[in-house]
Amino acid sequence: MDDKIAITLSDTRKKKPQSNQLLFGRHFTDHMFILDYKEDQGWHNPRIIPYQPLTLDPAAMVFHYGQTVFEGLKAYLSKDEQIYLFRPYENMRRLNESNERLCIPTVDEELAIRALIQLIQVDKDWIPNADGTALYIRPFIVATEPYLGVAPSKTYKFIIILSPVGAYYKEGINPIKIAVERKFVRAVPGGTGTAKTGGNYAGSLKAQEVAADKGYAQVLWLDGRENTYIEEVGSMNIFFKINGQVITPELNGSILEGITRKSIIQLLSHWGISVEERKISISEVYEAYQSGNLQEAFGTGTAAVISPIGEFLWEQETLSINNGETGELSKRLYDTLTGIQYGTLDDPFDWRITVPQ
Ligand SMILES: *Cc1c(COP(=O)(O)O)cnc(C)c1O
């Protein structure tokens, strides 16, 4: 396959939002990347084109049965104007794992990274430079074959779009309130919880809406079989510090394998702090709270990096953690990971990749 990426530049340029007024996922850059798939041609015709709507047949399978996957990562601008990516190969590996689960043909990870880098180069003026801002990268694949049968599509589009995003924490890192979800579940072993696929998020909206009505920012998901073991918080992985020990739910076939989660485990072990990856029940957390041993809890993911949890709603009871303030470990992890991402700290793990300019 000729996999040289053709570039068609846009004749017009959009007005860029101010770097200090950015929201999440509301603004999109001037260009996008597209790659097509057909059964007899495989993935073909990689190209960067002006950002534009797609034309899809109304019978395109993604609209009906949700055969789709996505990824999320960021490009960071350093103080000295270097552009960095954080572990992008991990995202492309995970994209292909999601593809396997959704019966979507895998993509060439090297080509996907090259596409990403070239697209960022074309739209590099869109990378915001205010503190804590970044260019969010959204690669995704949709099934495009016009067919109402339930079967894997024979055609797909792989697309990458870019969105400048604001600082997640405007006034410093802020603990969130979360409600333990008793009725709805996010995923079950054998289901699609380990894949980044649209249906998982559509299915989570109801619980999220109910929690938001009660004033909670996210829900804490328990396992789908026994409704006992903690899985994730919103669309983040979760960590606890109980009596000095760091604990995170083990990857059990329904938890999404976060790259931030993995990086935190590696970072803690580098600091000589061990992490127990094991089952942790909501009652264990409750008992730790009652005995005064629940020191910290935080969610982890690309968007917020670390999201400290200041309060849990469990049954009718409110459990306040660390007086609703950000814990010491949460803060140290946040500062270190963002320091590596923005290039203000050394990167002993070679996680950072420089985008050539
Ligand atoms: C994307 C995601 C995460 C976090 O993954 P990162 O690679 O750390 O961004 C965690 N849980 C769910 C359900 C997710 O979709």
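Residues numbered from 1 in each chain as written. Predicted model: local features only at pLDDT ≥ 70, side-chain atom pairs only at ≥ 80, totals over all residues. Heavy atoms only, no water.

**Thoughts on the packing of helix α6 (residues 259-270) against helix α8 (residues 328-341)**
And then number 1: Across the interface, α6 lies against α8 with an axial gap of 11 Å and an inter-helix angle of 105°. Taken together, the axes of α6 and α8 lie roughly perpendicular to each other. Mapping the contact onto sequence places T260, S263, I264, L267 and L268 in α6 and L329, L333, T336 and L337 in α8.
And then number 2: A class-by-class count of the residues in the contact of α6 with α8 yields 6 nonpolar, 3 polar and no charged. (Axes fitted to C-alpha atoms, helices over the stretch in contact; angles between N-to-C directions. Helix = DSSP H or I, 4+ residues; strand = E, 2+ residues; numbered from the N terminus. Parallel < 35°, antiparallel > 145°, perpendicular 65-115°, else oblique. Contact = heavy atoms within 4.5 Å. Nonpolar A, V, L, I, M, F, W, Y, C, P; charged D, E, K, R; others polar.)

**Points about the site of the ligand**
And then number 1: Near the ligand lie 14 residues; those nearest to it are K196, Y201, E232, T260 and T302.
And then number 2: Its free accessible area being 380 Å², the ligand has 95% of it covered by the protein chains.
And then number 3: A class-by-class count of the residues in the shell around the ligand yields 4 nonpolar, 6 polar and 4 charged. (Near = heavy atom within 4 Å. Areas by Shrake-Rupley, 256 points an atom, 1.4 Å probe, with all protein chains shown as cover.)

**Some points on the packing of aromatic side chains**
And then number 1: One pass over the full model with this rule turns up 14 aromatic pairs.
And then number 2: Between W43 and Y156, the aromatic rings sit 6.4 Å apart at their centres with planes inclined by 45°, giving tilted as the arrangement. Here the residue W43 occupies a position in strand β3 (residues 42-50), and Y156 occupies one in strand β8 (residues 155-165), the gap between them amounting to 113 residues. With respect to class, W43 is no different from Y156; both count as buried.
And then number 3: Ring centres 4.9 Å apart and planes at 75° place the aromatic pair Y76 and Y342 in the edge-to-face group. Of this pair, Y76 sits in strand β5 (residues 73-77) while Y342 sits in the loop between α8 and β18 (352-355), and the two are 266 residues apart along the sequence. Take Y76 and Y342: they sit in the same class, and that class is buried. (Phe/Tyr/Trp six-rings, centres within 6.5 Å; stacked < 30°, edge-to-face > 60°. Buried < 20%, exposed > 50% of the residue type's maximum accessible area, 1.4 Å probe, protein only.)

**Side note on the packing of helix α2 (residues 88-101) against helix α3 (residues 109-122)**
And then number 1: Axis separation between α2 and α3 bottoms out at 10 Å; the angle between their running directions is 130°. As the angle between them shows, α2 and α3 are arranged oblique. Here the hand of the crossing between α2 and α3 comes out right-handed. For the pair α2 and α3, the contacting residues are P88, Y89, M92, R93 and N96 in the first and E109, E110, A112, I113 and L116 in the second.
And then number 2: Here the residues of the contact of α2 with α3 are counted per class, giving 6 nonpolar, 1 polar and 3 charged. (Left-handed = near helix turned anticlockwise from the far one by under 90°.)

**Some details on unusual backbone geometry**
And then number 1: One non-glycine residue, C103, lies in the positive phi region at around 55°.
And then number 2: Along the chain, C103 falls in the loop between α2 and α3.
And then number 3: A positive phi is found at N322, a non-glycine position, where the angle reads about 50°.
And then number 4: Looking at where N322 falls in the secondary structure, it is placed in the loop between β17 (317-320) and α8.

**A short note on the side chain of R87**
And then number 1: The residue R87 is located in the loop between β6 (83-86) and α2 in this model.
And then number 2: Taking relative accessible area as the criterion, R87 reaches 10% and is therefore assigned buried.
And then number 3: Side-chain polar atoms of R87 contact the side chain of S263, separated by 2.8 Å.
And then number 4: A polar side-chain atom of R87 sits 3.1 Å from a polar atom in the side chain of Q266.
And then number 5: Every residue in contact with R87, bar those within four places of it in the chain, is listed here: I259, K262, S263, Q266 and W351. (Polar contact = N/O pair within 3.5 Å; in protein donor to acceptor, adjacent residues only side chain to side chain.)

**Focus on the environment of Q121**
And then number 1: Assignment of secondary structure puts Q121 in helix α3.
And then number 2: On the basis of relative accessible area, Q121 is assigned to the partly exposed category, the value being 31%.
And then number 3: In this structure the C-alpha to C-alpha distance between Q121 and E296, which are 175 residues apart in sequence, comes to 40 Å.

**Some thoughts on the domain arrangement of the chain**
And then number 1: You can read the domains of the chain as domain 1 (6-165) and domain 2 (176-342).
And then number 2: Taken together, the 25 residues of domain 1 in the interface contact 21 residues of domain 2.
And then number 3: Of the roughly 2000 Å² buried at the junction of domain 1 and domain 2 (both faces included), carbon and sulfur atoms supply 55%.
And then number 4: Ranking the residues of domain 1 by area buried against domain 2 places F70, F86 and R94 at the top, with a combined share of 30%.
And then number 5: Across the contact surface, domain 1 and domain 2 share 1 salt bridge.
And then number 6: Close ionic contact of K262 with E90 constitutes a salt bridge, the shortest N to O distance being 2.9 Å.
And then number 7: Summed over the shared surface of domain 1 and domain 2, the number is 14 residue pairs in polar contact (both at pLDDT 80 or more).
And then number 8: Elements with a minimum of two residues in the side of domain 1 that touches domain 2: β4 (68-70), β5, β6 and α2.
And then number 9: When residues of the side of domain 1 that touches domain 2 are assigned to their parent elements, the largest contribution, 7 residues, is made by α2.
And then number 10: Here the side of domain 1 that touches domain 2 is built from residues that sort into 9 nonpolar, 8 polar and 8 charged. (Domains from an automatic or database assignment. Buried area = accessible area lost by both parts, 1.4 Å probe. Salt bridge = Lys/Arg side-chain N within 4 Å of Asp/Glu carboxyl O.)

**Structural notes on helix α7 (residues 282-290)**
Owing to its 3.6 residues per turn, the α-helix aligns residues three or four sequence positions apart on the same side.
And then number 1: I282, V285, Y286 and A288 are the residues of α7 that are buried. In an axial view of α7, the angular spread of the buried residues amounts to 160°, which keeps them on one side of the axis. Looking at α7, the residues exposed on the side facing more than 90 degrees away from the buried face are E287 and Q290. (Arc of directions from axis to C-beta.)

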